[in-house]
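Okay, here's what each chain looks like letter by letter:
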Amino acid sequence: VAVTGVQTCALPISEKLRIAKAIVSLLPENGTVILDSGTTTAQIVPLIPNDTRLRIITNSPDHAVALMEKENVEILLAGGRVRKATRACVDQWAIDTFSGIVADVAIIATNGISLARGLTTPEPAEAAVKTAMINAAKKKFVVADHTKFTQDHFAKFGDIKDFDLVVTDESADQGAVAQIETAGIKVVRA
């Protein structure tokens, strides 16, 4: 049965859920978090403890609606054009949301991750918003299931060295993970 308005992914949800659980354990108890749109980041929202006090800024209308259930979470939604393919707010309005803030943590999703090419996505408008998110945060975490490793897409939005942590699943290519760790970036395999 298809659910209208929900992003789908080919990866078993259990792998994305393990990544989400690892990220939730790293969230501040009281702080500001940037939460990128995506199917993996969507798994984070229901796992946020109800007693955690957070300000969450997201470019995902779906994430913002789901966060309404969290009593102690203040929600800020980046504006802009909503891309139907990813249900993410993009373009200058979204970029401007992140230009004047400082967040404790940014949790960024990606379509591709490699040491040589960095982090990539097919759409330049989404890459621009992701870059703004990275620039607005003190700590930067990327969530990337194993299907994203050694993938390169059209629009680059960051280098591995721009991130403090990569959270992936157990099936991630060991060689690619070793390269990232050799570059000095911590990798958590959930």
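Residues numbered from 1 in each chain as written. Predicted model: local features only at pLDDT ≥ 70, side-chain atom pairs only at ≥ 80, totals over all residues. Heavy atoms only, no water.

Describing helix H5 (residues 124–136)
For H5, built from 13 residues, the straight-helix expectation of 18 Å at 1.5 Å per residue is met to within 8% by its first-to-last C-alpha distance of 19 Å. Listing the buried residues of H5 in full gives Ala125, Glu126, Ala127, Val129, Lys130, Ala132, Met133, Ile134 and Ala136. (Helix = DSSP H or I, 4+ residues; strand = E, 2+ residues; numbered from the N terminus. Expected span 1.5 Å × (residues − 1). Buried < 20%, exposed > 50% of the residue type's maximum accessible area, 1.4 Å probe, protein only.)

Looking at the side chain of Thr58
Relative to the assigned elements, Thr58 resides in strand E2 (residues 53–58). Once residues lying within four places of it in the same chain are set aside, the contact partners of Thr58 are Leu35, Asp36, His63, Ala64, Leu76, Leu77 and Ala78. (Contact = heavy atoms within 4.5 Å.)

A short note on the pairing of strand E11 (residues 165–168)
The two faces of E11 match: Leu165 and Val167 on one face and Val166 and Thr168 on the other face are all buried. Alignment of strand E9 (residues 137–143) against E11, held across three bridges, turns out to be parallel. Following the sheet pairing, Val143 is matched in E11 by Val167. Direction of pairing for E11 relative to strand E12 (residues 186–189): parallel, over a ladder of four bridges. Note on E12: the bridge partner recorded for Thr168 is Arg189. Taken together, E11, helix H6 (residues 174–182) and E12 form a β-α-β motif whose crossover is right-handed. (Pairing = 2+ DSSP bridges. Right-handed = clockwise from strand over helix to strand, strands pointing away.)

Topic: the sheet that holds E2
Taking strand neighbours across the sheet as the criterion, the seven strands line up as E3-E2-E1-E6-E9-E11-E12 in an open arrangement whose pairing is parallel. Two strands bound the open sheet, and with one partner strand each, they are strand E3 (73–77) and E12. Within this sheet the neighbouring strands show an average axis-to-axis angle of 20°, counted without direction. Pairing of E2 with E3 involves five bridges; the strand directions are parallel. From the neighbouring strand, Ile56 faces E3, where its bridge partner is Ile75. Packing against the sheet, helix H1 (residues 13–24) makes contact with strand E6 (103–109), E9, E11 and E12, and its axis sits at approximately 145° to E11. (Axes fitted to C-alpha atoms, helices over the stretch in contact; angles between N-to-C directions.)

Observations concerning the side chain of Thr168
In this structure, Thr168 sits in strand E11. Here the side chain of Thr168 touches Ala144 through a polar contact of 2.6 Å, landing on its backbone oxygen. Not counting chain neighbours up to four residues away, the residues in contact with Thr168 comprise Ile19, Ala144, Asp145, His146, Phe149, Val187, Val188, Arg189 and Ala190. (Polar contact = N/O pair within 3.5 Å; in protein donor to acceptor, adjacent residues only side chain to side chain.)

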